[in-house]
Amino acid sequence: MVPSSETPARGAAATLPVKPAGQGDYDEDFNLKPKFATPLARNEREMVMDVRTQDMEMNMGPQHPSTHGVLRLLLRVDGEIVTGAVPYIGYIHRCAEKIGESVEWIQYLPYTDRYDYLAAMNNNLGYSMAVEKLLGIEIPERAMYIRTICAELNRIGSHLIAFGTYGLDLGAFTPFFYSFREREWILSLFEKICGARLTYSYIRIGGVFNDSPPGWLEEVAAFCNDFEEKWKEYNDLLSENSIFVSRTANVGVISVEDALAFGLTGPCLRGSGIAYDLRKAQPYELYNKFEFDIPVGSGRKGTVGDCWDRYDVRMQEMRESVKIVRQCLAGIQEGPTLAKLSAALRVPAGHAYVGIENPRGELGHFVISGGDKKAIRLRVRGPSFCNLSILPKALPGTMLADAVAVIGSIDIVLGEVDR
Amino acid sequence: MISLHVMESIGGQARRAAPGTNWTIDLIEWARKCSLSKWLANAAGYEEAPVPPDWIVAAVGAGIAVGLVLAFISVVAMFSIWLERRVAGRIQSRIGPNRVGPFGLLQSLADGVKLLLKEDIIPSGADRSLFILAPALVMASALGMFAALPMAAGAGFTDLNLGIIFIIAVSSLATIGVIMAGWSSNNKWALYGAMREAAQVVSYEIPLGLSLLVPAVVAGSMNLREITESQSSWSGACWLIFQNPICLPAFVLYFVAALAETKRAPFDLPESESELVAGFHVEYSGIRFSFFFLEEYGAMFIMSALGVALFLGGWNFPGIDVLHGGWLVATQLLVFVIKSLCMILLMIWVRWTLPRLRVDQVMVMSYKYLTPIGLGLVVASAGWEVLVAGGLPFNDRPFWMQAATPALVVFVCLLLGWMLRKQSVDSAAAPFAARSSAPGAIQT
Amino acid sequence: MVAPTHTLKSSGWFNEVWLGFWTALVGMRITLKYFFKKPETVQYPEERMPIPDRYRGIHYLEQEKCIYCFMCARACPVDCISMEAVRHGKELEWVSFTVDYNRCMFCELCTYPCPKDCIHEGKEFALVTYDRRDLVLDLLSWKGMSAEAKQRFEAAEAAKASGAAAKDAPKAGAAPADAPEHS
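Not measured: the values here are computed from a predicted model.

### Here's the deal with the overall build of chain A
Looking only at helices and strands, one finds 17 helices and eight strands in chain A. Looking at chain A residue by residue over its 419 residues, the buried ones come to 66%. For chain A, restricting intrachain contacts to residue pairs at least 6 apart in sequence, the fraction spanning at least 24 positions comes to 72%. When the accessible surface of chain A is split by element, carbon and sulfur atoms take 54% of a total near 14100 Å².

### Overview of the interface of chain B and chain A
Each side of the interface is counted separately: chain B has 34 residues, and chain A has 47 residues. Carbon and sulfur atoms supply 60% of the area buried between chain B and chain A, which totals about 3500 Å² over both sides. One can count three salt bridges joining chain B with chain A. Taking the shortest distance from any N to any O, the salt bridge between Arg247(A) and Glu275(B) comes out at 3.7 Å. Our count for the contact surface shared by chain B and chain A stands at 13 residue pairs in polar contact (both at pLDDT 80 or more). Among the secondary structure elements, those contributing two or more residues to the side of chain B that touches chain A are helix H8 (188–219), helix H12 (273–276), helix H15 (359–388) and helix H17 (425–428) of chain B. In terms of residue class, the side of chain B that touches chain A is made up of 15 nonpolar, 10 polar and nine charged.

### Re the sheet that holds strand E1 (residues 56–60) of chain A
Within a sheet, neighbouring strands are paired by backbone hydrogen bonds and run either parallel or antiparallel to one another. The strand order across the open sheet built from three strands is E1-E2-E3 (chain A), with neighbouring strands paired in antiparallel fashion. The sheet is open, and its two borders are formed by E1 and strand E3 (81–88) of chain A, each paired with just one other strand. Put simply, the sheet's adjacent strands are angled 25° from each other on average, direction ignored. Note that E1(A) and strand E2 (residues 72–78) of chain A share five bridges and pair antiparallel. The partner of Met56(A) across the bridge, within E2(A), is Val77(A). Sheet strands in contact with H8(B) are E1 and E2 of chain A, and its direction is about 110° off that of E1(A).

### Concerning the interface of chain C and chain A
The partner chain A presents 49 residues to the 35 residues of chain C that form the contact. Carbon and sulfur atoms supply 58% of the area that chain C and chain A bury against each other, a total of about 3300 Å² over both sides. Linking chain C with chain A are one salt bridge. Lys33(C) is paired through a salt bridge with Glu233(A); the nearest N and O atoms lie 2.2 Å apart. At the surface where chain C touches chain A, the tally comes to 14 residue pairs in polar contact (both at pLDDT 80 or more). Of all the secondary structure elements, the ones that give two or more residues to the side of chain C that touches chain A are helix H1 (13–35) and helix H2 (71–75) of chain C.

### Re helix H7 (residues 163–184) of chain B
A turn of α-helix holds 3.6 residues, and therefore any two residues three or four places apart point the same way. Taking 1.5 Å of rise per residue, the 22 residues of H7(B) would be expected to cover 32 Å, and the 32 Å separating its terminal C-alpha atoms lies within 8% of that figure. Just downstream of H7(B), Asn186(B) is the residue with a positive phi angle, here 60°.

### Observations regarding the pairing of strand E8 (residues 375–381) of chain A
All names here are of chain A. Looking at chain direction, strand E7 (residues 361–369) and E8 are connected through six bridges and run antiparallel. Paired with valine 367 across the strands is leucine 378, a residue of E8. In textbook terms, the turn of a hairpin is the stretch between consecutive antiparallel strands, and for E7 and E8 this stretch comprises five residues, one of which, glycine 371, has a positive phi near 85°.

### Looking at the pairing of strand E3 (residues 91–100) of chain C
All names here are of chain C. By the criterion of burial, E3 is predominantly enclosed, with eight of the 10 residues buried. Inspection of the sheet shows strand E2 (residues 81–88) paired to E3 by eight bridges, in the antiparallel sense. Bridge pairing in E3 links serine 82 to threonine 98. Taking the residues that link successive antiparallel strands as the turn, the E2-E3 hairpin has two residues, and the phi of glycine 89 there is positive, at about 65°. Direction of pairing for E3 relative to strand E5 (residues 136–138): antiparallel, over a ladder of three bridges. Bridge assignment links aspartate 100 to a residue of E5, and that residue is valine 136.

### Describing unusual backbone geometry
Look at the link from Ala265(B) to Pro266(B): it is a cis peptide, with omega at 5°. Along the polypeptide, Pro266(B) turns up in the loop between helix H11 (247–261) and H12. Look at Cys95(A): it is not a glycine, yet its phi comes out positive at around 60°. Counting through the fold element by element, Cys95(A) comes out in the loop between E3 and helix H3 (96–100). Here Cys95(A) falls in the partly exposed class, since its relative accessible area comes to 38%. Positive phi, close to 55°, is recorded for Asp79(C), a residue that is not glycine.

### Quick notes on the pattern of salt bridges
If you walk through the whole model with that rule in mind, you get 54 salt bridges over all chains. As a salt-bridge pair, Glu357(A) and Arg270(A) come within 2.9 Å of each other at their nearest N and O atoms. Here the residue Glu357(A) occupies a position in strand E6 (residues 350–358), and Arg270(A) occupies one in helix H11 (residues 267–271), the gap between them amounting to 87 residues. With a closest N to O distance of 3.5 Å, Glu84(B) and Arg351(B) form a salt bridge. Of this pair, Glu84(B) sits in helix H4 (residues 54–91) while Arg351(B) sits in helix H14 (residues 325–351), placing them 267 residues apart in sequence. The pair formed by Glu84(B) and Arg351(B) is uniform in burial state, with each residue classed as buried. Sharing partners across several salt bridges, the network here consists of Glu152(A), Arg155(A), Arg270(A), Asp277(A), Arg279(A), Glu317(A) and Glu357(A).

### Observations regarding the confidence of the model for chain A
Here chain A shows a mean pLDDT of 83. Residues at 70 or above account for 87%. A low-confidence stretch, residues 1–22 of chain A (pLDDT under 50), is modelled with 29 contacts involving residues beyond four sequence positions or located in other chains.

### A few points about the sheet that holds E6(A)
Residues and elements named next belong to chain A. In spatial order, the strands read E6-E7-E8; together these three strands make up an open sheet with antiparallel pairing. Two strands lie at the open edges of the sheet, namely E6 and E8, each paired on one side alone. Between one strand axis and the next, the sheet turns through 15° on average, direction left out of account. Those strands touched by helix H5 (residues 120–135) are E6, E7 and E8, and its axis lies near 150° from that of E6.

### Digging into the packing of aromatic side chains
Following the criterion strictly, the structure yields 41 aromatic pairs over all chains and no others. The interplanar angle of 65° and the centroid separation of 5.2 Å between the aromatic rings of Phe173(A) and Trp352(B) together place this pair among those described as edge-to-face. Of this pair, Phe173(A) sits in the loop between helix H6 (141–169) and helix H7 (174–194) while Trp352(B) sits in the loop between H14 and H15, each in a different chain. Pair check on accessibility: Phe173(A) and Trp352(B) agree, each one buried. Relative to Phe290(A), the ring of Tyr287(A) lies with its centre 6.3 Å away and its plane at 85°, an arrangement referred to as edge-to-face. Taken as a pair, Tyr287(A) and Phe290(A) share a single burial class, namely buried. Stacked on the ring of Tyr88(A), the Lys or Arg Arg72(A) has its end atom at 4.5 Å from the ring centre. Sitting over the face of the ring of Phe177(A), Arg94(B) holds its NZ or CZ atom 4.7 Å from the ring centroid.

### Looking at the environment of Arg181(A)
Turning to its location among the elements, Arg181(A) is positioned in helix H7. Arg181(A) sits 21 residues away from Leu160(A) along the chain, and the two C-alpha atoms are 9.6 Å apart. Not counting the four nearest positions on each side in its chain, Arg181(A) is found in contact with Lys230(A), Ser93(B), Tyr34(C) and Glu40(C).

Calculation criteria
Residue positions are counted from 1 within each chain, in the order its sequence is given. As a convention, the first chain written is A and the first ligand written is 1, with the rest following in written order. Given that the model is predicted, a residue must reach a pLDDT of at least 70 before its local features are reported, and side-chain atom pairs must reach 80 or more before they are shown or counted; all residues, however, enter totals for whole chains, interfaces and linings. With hydrogens and water set aside, each side-chain value is computed from the structure's full complement of heavy atoms. Secondary structure elements are defined from DSSP: runs of H or I of at least 4 residues count as helices, runs of E of at least 2 residues count as strands, and each element is numbered from the N terminus. Accessibility here uses a 1.4 Å probe with only protein chains present; expressed as a share of the type maximum, an area under 20% marks a residue as buried, one over 50% as exposed, and anything in between as partly exposed. The contact criterion used throughout is that any non-hydrogen atoms of two residues lie within 4.5 Å. What sets the accessible areas is the Shrake-Rupley method with a 1.4 Å probe; for residues, cover comes only from the shown protein chains. The term buried area means the drop in 1.4 Å probe accessible area that two parts suffer when joined, counted for both and summed. Every case where a carboxyl oxygen of Asp or Glu lies within 4 Å of a side-chain nitrogen of Lys or Arg is listed as a salt bridge. Any pair of N or O atoms that falls within 3.5 Å is considered a polar contact. Within protein, one atom must be able to donate a hydrogen and the other to accept it, and sequence-neighbouring residues count only if both atoms are side-chain atoms. Note that Gly is not counted as nonpolar here; it falls among the polar residues with everything else outside the nonpolar set of Ala, Val, Leu, Ile, Met, Phe, Trp, Tyr, Cys and Pro and the charged set of Asp, Glu, Lys and Arg. Think of it this way: DSSP has to see at least two bridges between two strands before they count as a pair. Axis definition: a line fitted to C-alpha atoms, over the contacting stretch in the case of helices. Angles run 0 to 180 degrees between N-to-C directions. Expected span, for any helix, means 1.5 Å times one less than how many residues it has. One number per residue, pLDDT, summarises how confident the predictor is, and it ranges from 0 to 100. Whether two aromatic rings pair depends on their centres lying within 6.5 Å, for rings of Phe, Tyr and Trp, where Trp uses its six-membered ring; planes under 30 degrees apart make the pair stacked, over 60 edge-to-face, and the rest tilted. Our definition puts a charge over a ring when NZ of Lys or CZ of Arg is within 6 Å of the ring centre and also within 35 degrees of the ring normal.

What follows is the structure, given as structure tokens:
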């Protein structure tokens, strides 16, 4: 990942006292040394407990209901307590980046849908912006508004899944269905504007494919009103529930130092208390026009950086997204939605990195162009992949049921981890 | 109606002899005299069919009783499964099974047929005998609990003086089956489920037993029939929760402990699907799996029925005493089953609302909260009976004392309803002066 | 054993009991509310969700417009469109125009470069077969030449023949056939 020279310094991260963390936590084979709860050595344990016990190794996944896809976790467990965890990934690797080097610029767009399939609009946006940076073209303002509306609606949709599946991980089934009910509305909105429900390929290089159909913006406004009501219900049903709080508060605490050292971004980083959001830190598109807050973990129910905080950041972000969408609806004007581009797109030679705020964190696209119809090199910095790396650090010391809670709170999409 | 007469005669005879001896003798007499038996006896050279020995009589009686219970438990369990799926559907803004039969009522039957026809897999590494025995043991405990259940006046299998203790004791048998299943499956997830079940059931027997002591204290008996009969005044509305103000919290406590005993959410740790995939029955398939399934819902019904018998008046219902004879028994049976199903409905409602507790929190819940509460309630109910009511039988107490408890119960329900009107948790929480420290957010 | 201690911020025993009870009640109020509301589900085969106009389903081809230019096939990222036709002068004799739905990802990139705006994605979405080979669909509504094209072609041939017979004759007969069919 080579940030281009225009990238402003990450103000938030730079001012924080960063310790060189994670140095002594692994042995030479990258296996974890248990940190949070140090189990007794075997002979010690035999003396204390008068029985001979042994850590057990368990495969959690790739077919497990709570690993959110085909993640395989090799857990070392001492009874109910996890003493070590190694994630194994790559079960749905599809060579997306390599494909990017063999198809034309615009043809790569459908492939971006498929890594973080819960936030395809954001993926489209990230890739398009990277290519646009090389092209150096102006995007029409209406296109930018529509892009922002779609990206924020998609953020709500993605966080709704995070909310619903988190309830599911912790044994509450009903929030899942409620969240899908609202998500359904978002999907039907997307279906109306671009014709697809999951893999949109809607935001393209130079703007968006179609203008919004008549009545669409009004329906978005109606959705925003309805969603705010439903959002309160979610909190009553799950966020404040005593059992839910006791399952998530003080569980899987990720310290600020760890969060920075492991390169966490998105709600996982903000849950640890750092207000770092690319929409504010490096405002792209129209984000510096809008007023919105960056929710951070407050430790309201437990410690800063626990599962509840990460969950809560997502819940608050949904409301902030609604705020942004409302401001977009107020500001949108008639106009063209696509910049003038030649049919056979040739991108000037050079390289560019653009990171945008995906629902899961910083989604970066690094493209190198040789001035041809295809990219020479295309590389994706996936937020889920980086966020996943904290698991070996965060899981030891928690219980088996907490492992599920921690994985759920990090909210990975395996399609994007493996790409 | 035939089965009702049978049930009635079971209950009538139960006190004198082993369950169902007399009507079994009648049945066998009838069978001896029917023409087929005569023809067979003549063909074999006898004057008439021989009188069978006692053990055959006992075996036939027991067989018929088990058949009745099995049929009843299967029907109730299938209905509960249907109820659960429909209620869950409606709660979650969807419809639930609606294709097989009217309102999908036959869905459970279809699923049962499917399970019967599926391959019965025994894993190669499994301990075969234990693996096969476990579902049978689990099922046996569900059947056994029915023995002490007073379903209607005079219609029960036995009339045990220690009915409460018997039901708790037999319900623990299922735990052994679950541990056997978890151990013999040779699967780590199943083993986890079994260990969790063992710990959970052992812990929750304490608050369960304590909560059951409250009705025993109030009614002055451990006999389920007698406790139910003590709730029959006021023409059948004098339920135990209206007799003593302590019985309402005791009922809530019983309900929570019963959820844990029957492995229902939020205590469904032994089979928690998001952690242990399916827990102790992860390796079971086909008919053996359906045994676990039936047992879960059968145990749910029995735990509900026990709560109904102890706290909610059993078969008593206002105005039921105008009926007589067979109609009375039939209506009582119906009232009892409907009340139990209502409690099952409550269990379902809770399950589809709450998340699951963690394994240590389940223990904390039992030992830190429920057990002290249970102890307090036992002492408080005894105190009320002795100090406030002066040890008088309920019907001899002054009117204000009889009316105080229903008034209190109604007031508490109205108060909670009023508080729940539009309340969101944020503003309603912590009436007991929470000592929360200031949030320490790191903002940059 | 060292067990992790996951205690909440203690707010007192009574408060914890009350919170557990109360938050459960609040949750149950919400689930009860939806119990009495109409379900949101649609009974699929009988009822169907309305499909918006822009829906990206199975393609349809306006064959009379198509000029066999390969723009759609070239735009496809997965090379799922293949077409075959024989040019007879200005007329096309269609052999096949297939889309391999084993590969197609319904990205609609094929429809934008079309100069005649003749390939679209429709509202059909059910692609259910017992055999993967059945997923290679032919979009043509007729094979060979269309009736009009045949007429035009024969007229042009006849004109050519008569033109060949009388070289000095003007090309008046061929002019209408040469006129572009699509503006």
